[in-house]
Every structure is written in structure tokens, then in C-alpha cells.
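Residue-level structure breakdown
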Amino acid sequence: MNPAAPPLPDFRRARVLVVGDVMLDRYWSGPTQRISPEAPVPVVQVRGEEARPGGAANVALNLRALGCEVHLVGVVGRDEAAAQLRQRLEAAGVALSLIETGRAPTITKLRVLSRHHQVLRLDFEQRLDAPGVVDPAALLAAAARGLEQADVLLLSDYGKGTLADPPALIAAARQRGCPVLIDPKGSDYQRYAGATLLTPNVPELEAVVGACADEAELVSRGEALRRQLGLAALLVTRSEKGMSLLREAQPPLHLPTLAREVYDVTGAGDTVIATLAAALAAGSPLEQAVWLANAAAGVVVGKVGTATVSPAELAATLQPGPSGLMDEPALLSWRERQRHHGRRVVMTNGCFDLLHVGHLRYLQAARALGDALVVALNDDASVRRLKGESRPLNPLAARAELLAGLACVDAVVAFAEDTPARLIAAVLPDVLVKGGDYTVAQIAGGEAVRAAGGEVRVLDFHPGHSTTALIERARARP
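In what follows, the accompanying structure is described. These figures come from a predicted structure and were not determined experimentally.

**Concerning the overall build of the chain**
Of regular secondary structure, the chain possesses 16 helices and 20 strands. For the chain, with 478 residues in total, the buried portion stands at 49%. Within the chain, residue pairs in contact and separated by at least 24 positions form 69% of the contacts whose partners lie at least 6 positions apart. Total accessible area on the chain stands at roughly 21,500 Å², and carbon and sulfur atoms take up 52% of it.

**Quick word on helix 6 (residues 215-229)**
Taking 1.5 Å of rise per residue, the 15 residues of helix 6 would be expected to cover 21 Å, and the 21 Å separating its terminal C-alpha atoms lies within 8% of that figure. Among the residues making up helix 6, those that are buried are Leu218, Val219, Gly222, Glu223, Leu225, Arg226 and Leu229. One side of helix 6 holds all its buried residues, which, seen down the axis, span an arc of 160 degrees. Residues Ala216, Arg227 and Gln228 are exposed on helix 6 and point more than 90 degrees away from its buried face. Buried residues along helix 6 sit in contact with strand 12 (197-198), helix 5 (202-209), strand 13 (233-237), strand 14 (243-247) and strand 15 (253-255). Capping the start of helix 6, Asp214 holds a side-chain oxygen 3.3 Å from the backbone nitrogen of Ala216, two or three residues further along. Gly230, located one to two residues past helix 6, shows a positive phi value of around 70 degrees.

**Notes on the environment of Gly132**
Considering the arrangement of structural elements, one finds Gly132 in the loop between strand 9 (117-124) and helix 3 (136-147). For the pair Gly132 and Thr101, spaced 31 residues apart in sequence, the C-alpha to C-alpha distance is 9.3 Å.

**Notes on the nonpolar core**
The tendency in soluble globular proteins is for nonpolar side chains to be buried as a group. Residues Val18, Val22, Leu63, Cys68, Leu72, Leu235 and Leu276 are the most contacted members of the largest nonpolar core, which totals 57 residues. A per-element tally of this core places helix 8 (residues 286-300) first, with 10 residues. Non-local contacts of Leu276, meaning those with residues more than four positions away in its chain, are made with Leu181, Leu197, Thr199, Leu235, Leu286, Ala289, Val290 and Ala293. Residues Val133, Ile182, Leu198 and Cys212 belong to the second largest nonpolar core, which totals 39 residues.

**A short note on the side chain of Ser156**
Along the chain, the position of Ser156 falls in strand 10 (residues 152-156). Judged by relative accessible area, which is 1%, Ser156 ranks as buried. Leaving out residues up to four positions away in the same chain, Ser156 has contacts with Val19, Gly20, Asp21, Gly55, Ala56, Val59, Leu163 and Asp183.

**Quick notes on the pairing of strand 14**
Summarising burial for strand 14: 5 of the 5 residues are buried, a large majority. Going residue by residue along strand 14, you find Met243, Leu245 and Arg247 tucked away on one face and Ser244 and Leu246 tucked away on the opposite face as well. Hairpin connection of strand 13 to strand 14: 5 residues between the antiparallel strands, including Ser239 at a positive phi of 55 degrees. The sheet contact formed by strand 14 and strand 15 spans 3 bridges and is antiparallel. By the bridge assignment for strand 15, Leu245 is matched with Leu253. Where strand 14 folds back on strand 15, the antiparallel hairpin that results is connected by 5 residues, among which Ala249 adopts a positive phi of roughly 60 degrees.

**Description of the environment of Ala104**
Within the secondary structure, Ala104 is located in the loop between strand 7 (95-101) and strand 8 (107-114). Along the backbone, Ala104 and Val75 are 29 residues apart, and their C-alpha atoms lie at a distance of 9.4 Å. Non-local contacts of Ala104, meaning those with residues more than four positions away in its chain, are made with Gly77, Gln126, Leu128 and Val133.

**Comments concerning the pairing of strand 16 (residues 345-350)**
A regular strand places its side chains on the two faces of the sheet in alternate fashion. Strand 16 sits mainly inside the fold: 6 of its 6 residues count as buried. Here strand 16 shows a buried face lined by Val345, Met347 and Asn349 and a second buried face lined by Val346, Thr348 and Gly350. As defined by bridge partners, strand 16 adjoins strand 17 (residues 372-378) across 6 bridges and the pair is classed as parallel. What sits directly across from Val346, in strand 17, is Leu373. A crossover links strand 16 with its parallel partner strand 17, the connecting element being helix 11 (residues 357-367), and its sense is right-handed. Looking at chain direction, strand 16 and strand 19 (residues 431-435) are connected through 2 bridges and run parallel. Within strand 19, the residue paired with Val346 across the bridge is Val431.

**With respect to the packing of helix 3 against helix 4 (residues 166-175)**
Interaxial distance between helix 3 and helix 4 falls to 10 Å at its minimum, and their mutual angle equals 25 degrees. Relative to helix 4, helix 3 is oriented roughly parallel. Regarding helix 3 and helix 4, the two cross each other, and that crossing is right-handed. Facing helix 3, whose interface residues are Leu140, Ala143 and Leu147, helix 4 presents Ala168, Leu169, Ala172 and Ala173. Across the contact of helix 3 with helix 4, the residue classes break down as 7 nonpolar, no polar and no charged.

**Comments concerning the sheet that holds strand 9**
Here 4 strands make up an open sheet; going across it, the order is 5-2-8-9 and the pairing mixed. Two strands bound the open sheet, and with one partner strand each, they are strand 5 (48-55) and strand 9. Across this sheet, the average inter-strand angle for adjacent strands is 20 degrees, counted without regard to direction. Relative to strand 9, strand 8 runs antiparallel, the two sharing 7 bridges.

**A closer look at the packing of helix 1 (residues 56-66) against helix 7 (residues 268-281)**
Packing of helix 1 against helix 7 leaves a shortest axis separation of 9 Å and a crossing angle of 50 degrees. With respect to helix 7, the axis of helix 1 lies oblique. Two packed elements cross with a definite hand, and for helix 1 against helix 7 that hand is right-handed. Contact with helix 1, carried on its side by Asn58, Val59, Asn62, Leu63 and Leu66, involves Asp270, Thr271, Ala274, Thr275 and Ala278 of helix 7 and no other residues of that element.

**Describing the packing of aromatic side chains**
The final tally for this structure, using the stated rule, is 1 aromatic pair. The ring centre of Tyr27 lies 4.9 Å from the NZ or CZ of Arg52, which sits over that ring.

Calculation notes
Here the residue numbering is sequential within each chain, running from 1 through the sequence in written order. Reporting of local features is limited, given that this is a predicted model, to residues whose pLDDT is at least 70; pairs of side-chain atoms are given and counted only at 80 or more, and all residues count toward the totals for whole chains, interfaces and linings. Here the side-chain values reflect all heavy atoms present in the structure, with hydrogen atoms and water set aside. In DSSP terms, a helix is any run of H or I states spanning at least four residues, a strand is any run of E spanning at least two, and both are numbered starting from the N terminus. A simple rule labels every residue: compare its accessible area, found with a 1.4 Å probe on the protein chains alone, to the largest value its type can have, and call it buried under 20%, exposed over 50%, or partly exposed in between. Only heavy atoms enter the contact rule, under which two residues are in contact if any of them lie within 4.5 Å. Each accessible area value is a Shrake-Rupley result obtained with a 1.4 Å probe; residue values ignore everything except the protein chains displayed when judging cover. What a helix should span is 1.5 Å times the count of its residues minus one. Working note: the arc is built from the helix axis to C-beta atom directions. Whenever a nitrogen or oxygen atom comes within 3.5 Å of another N or O atom, the pair is scored as a polar contact, on the condition that within protein one atom can donate a hydrogen and the other can accept it, and that pairs from neighbouring residues in sequence are kept only if both atoms are in side chains. To define a nonpolar core, start from buried Ala, Val, Leu, Ile, Met, Phe, Trp, Tyr and Cys residues and group those joined through side-chain atoms within 4.5 Å. The pairing criterion is simple: DSSP has to find at least two bridges between the two strands. By convention, orient the strands away from the viewer: a clockwise path from the first strand over the helix to the second makes the crossover right-handed. Structural elements are reduced to axes, namely lines fitted to C-alpha atoms, with helices fitted over the stretch in contact, and the angle between N-to-C directions of any two is expressed from 0 to 180 degrees. Any angle that is under 35 degrees is reported as roughly parallel, and any over 145 degrees as roughly antiparallel; angles of 65 to 115 degrees are reported as roughly perpendicular and all others as oblique. Here a crossing is called left-handed whenever its near helix is offset anticlockwise from the far helix by less than a right angle, and right-handed whenever the offset is clockwise. Side-chain classes are defined by residue name, with Ala, Val, Leu, Ile, Met, Phe, Trp, Tyr, Cys and Pro counting as nonpolar, Asp, Glu, Lys and Arg as charged, and the others, Gly among them, as polar. What counts as a ring pair is set by centres within 6.5 Å for rings of Phe, Tyr and Trp (its six-membered ring), and what kind of pair is set by the plane angle: stacked under 30 degrees, edge-to-face over 60, tilted for all other angles. Counting as a charge over the ring demands two things of the Lys NZ or Arg CZ atom: a distance within 6 Å of the ring centre and an angle within 35 degrees of the ring normal.

Purely geometric numbers; function is a separate question.
The following block contains the structure:
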């Protein structure tokens, strides 16, 4: 088996108990067109509102998105935010043991966005470990009940006070032989001693071990910390550099990032530890679980705000097919991300059997009509039906790789039909482009694009450049 592409386990077998800081993430969004006359601040005209479970609740949603059985233990206030959290988590199928307190509000973060950029964040919270706010015994009892049905215990620590006594939770899990994964916070990592694995990012690790000048020092200091705390492993997430796994008596495992687009890193750590826990609970070895967590991180940073990853998205990332070639589910997921971020998608199609300068100029002109260009490519059988048994000269994988290597091409997908009409109707690009002597009415898929409010354009081919002419000239030479 290729370790870079581990098989997906059956996540439905996994049972994970999540204990940690539960919160609600709220988003207000709208355009900004002027500065307030009252103060030098932008005026955001709020046109959209959204609320999503955050913190440990987002971890639970990530686990449910993968198909796991999830039990969440946390603390909420007696307020409307708590009601929203319960409704959304129960709708997702998360089993809840939320301890209510009248001494603190449900932790809430309100983000004000304009043009997909954060303008302001407002936090509503109080320390949950302050005297009299929460009964620690009630929290421990709820966790102990959850451990009876759990394969993995996941502690999601955002430093808000829910996890006031991690050693007691770690001891209870170890007594049952249950692995403990922790997303840590703060500089006192001794409170996590005896856990199975921690997932700090680089700044969090350096807050404990000191600044690391290079990768070798990060490994050396991280390994010393792992031994000091008695951990089986330490997984350091390193943003654009991927992640590094440190284990006893084994060399470090460094994984490069698989992210193609980075729009928002909010909640990426939740996705990493959730995928790791899900894979381990489903029976994957640690190294395979880390590969899956790395792939999940690469997907989720392409989304805005706290988000989740599905098994289908993981599979598409790990098994993308021939170089440069997306399968249809991966393309549709990519298309949704472009739509979410307001990017104008252009689509064209063809055989592109023998790539030449005429193709390049045509594709560059198509790309100039929007923010991203999709090329739908006839598969080999489709080319033979259109061009004859001697074609294609280049197989699908080679044609896809060449197209994907062009700076003006953002995505390549294959289709097996004689026309790409069905595929185009599924993608619904903002602009559909075809070159040659077509009329707009003759372009396959054009009717569906226009019906959805899109545009259909015909671009001129550059004279003197064609695949057929190149082949004929090559055959005519002695």
C-alpha cells in the first residue's frame, strides 16, 4: 500500500467522546461602502447572519461529518445561544451532556465580515473554572458515563476553563484502556501528562519549549517534551509546512500540506484532531490516521469559517486519479467553494489531443473572462468516436497533465459522453466558452447555463494552428 494514500476506514464503527470548551460562532456579513461619521471605522451593512457550533462543538460536528458516533460533554449558559447549540448539534446526531450554569453565558464569538474579510470580533464569555460557576464533579461524572461507550477520548481545550482537571479525565480513560487525544492550550503542558497524543501548532509548542530556529530544533525540543510528558506521540501542525509526527524509537514523519487553496484556517485544528480521533477509533494505525488528518486539513482550509470534511472529500483528496485530473464529485465540491467566495468560473471543453500555441491562446482568452477556468476533456473512447480510430495521439492522463500544467487552467475533468452537456449542467459555470464556428445556440450545455443566469460566449480560434494540420504536416515530411 502507498502510505501517502491510505484507505478510508469505516468511520461508522468509531465511537468518540469529546470533552471541552463548547462555544457558538456567529457571523454577520455585508458590504462596506463608507466610513462612519462618528469614528474612523468602516460601516458594515449587515445582510447576512449565520451561527455555527464552535470549539469542542465544532470538533463534534467534524466527527459526525465523517460518520462517527459522537458524545459531547461541555458547559453552556442558560441562554439563547445554548438553545441554538443544542438544536444544531442534536440535528447533526451528536449525543449531548451539556452542563448548564447560571453563572456564565454560553461562550460566543461574533465575527463581522465584509467581502470575506473579518472586520471585527466580539467575545462573550467568562471563566468557567472560577469558583461556583461549574461543579467539577458533575463534569467528571458525565465524562465517566461517556467513556463507557467510547473508543477514544478527545479533549478540546480552548483555555476557557471547562477542562480544569485534565489529569482526572486522562486517568479515567487510561483505566478503561481508552486512548486520549488532546488539542492543548496554554503553557502548562504538565497537566496533560500521560495522554496518548497532543496536537499543538508551532506557536503553541514554542510557548512551552522555546523558539525553534529550524526543523531539527523543533524535532529535538518536541521529542524532549514528548518524553517528559510520557506521551505515545506528539503531532505538531505547521501551517503551510504541513505537520510532523514524533514517536518513540521511530524517525520523525514530516507530511507536506495538501492544501491547494487557503481561504480560512479557522477551525483547522479541530478538523485535524477530529479526523485523527475518528481514524484511530475506526481501527487505523497511527501513521495512516495522521495521513488522513493531513488530507482533511488541506480540504477544510479551502472553506470559510468553522467547517467540516466529508469522507467523499477526503477520498477525492487522497485518490485524485491521473495527474491533474479531478473526478466529478471533487470538481463539484471545488465549484461550490468558488461560488461561496464569489469567484467567476469559466468552462470550456475539447479533445486537446496535441497541445499547440493556438490552444494556449484560446485558453488564455477564456481564462481572462473570469477568475478560474475549468477544462472538460473528452476521454479516449469519446475522442475515437469523434476523430477516428487513429486518435487520440496522447492518452487522457497525458492530455490532462499538460492542461493542468498551464497557468491559465485551474481544473481539468474528463467526460465519457459525446458532448459535455450533462457535466456542464451539473457544474453550471458563470461563463461557458467554445471556440470556432459555433453559434451560441449550438453550444452543448449552453441552454442550462443561460437558464441559471450564466453567459455563453464564442471565441475565435487562431488561424494557422490546428491539431489536424500539424498531423498532416508531420506525415507529409519525408
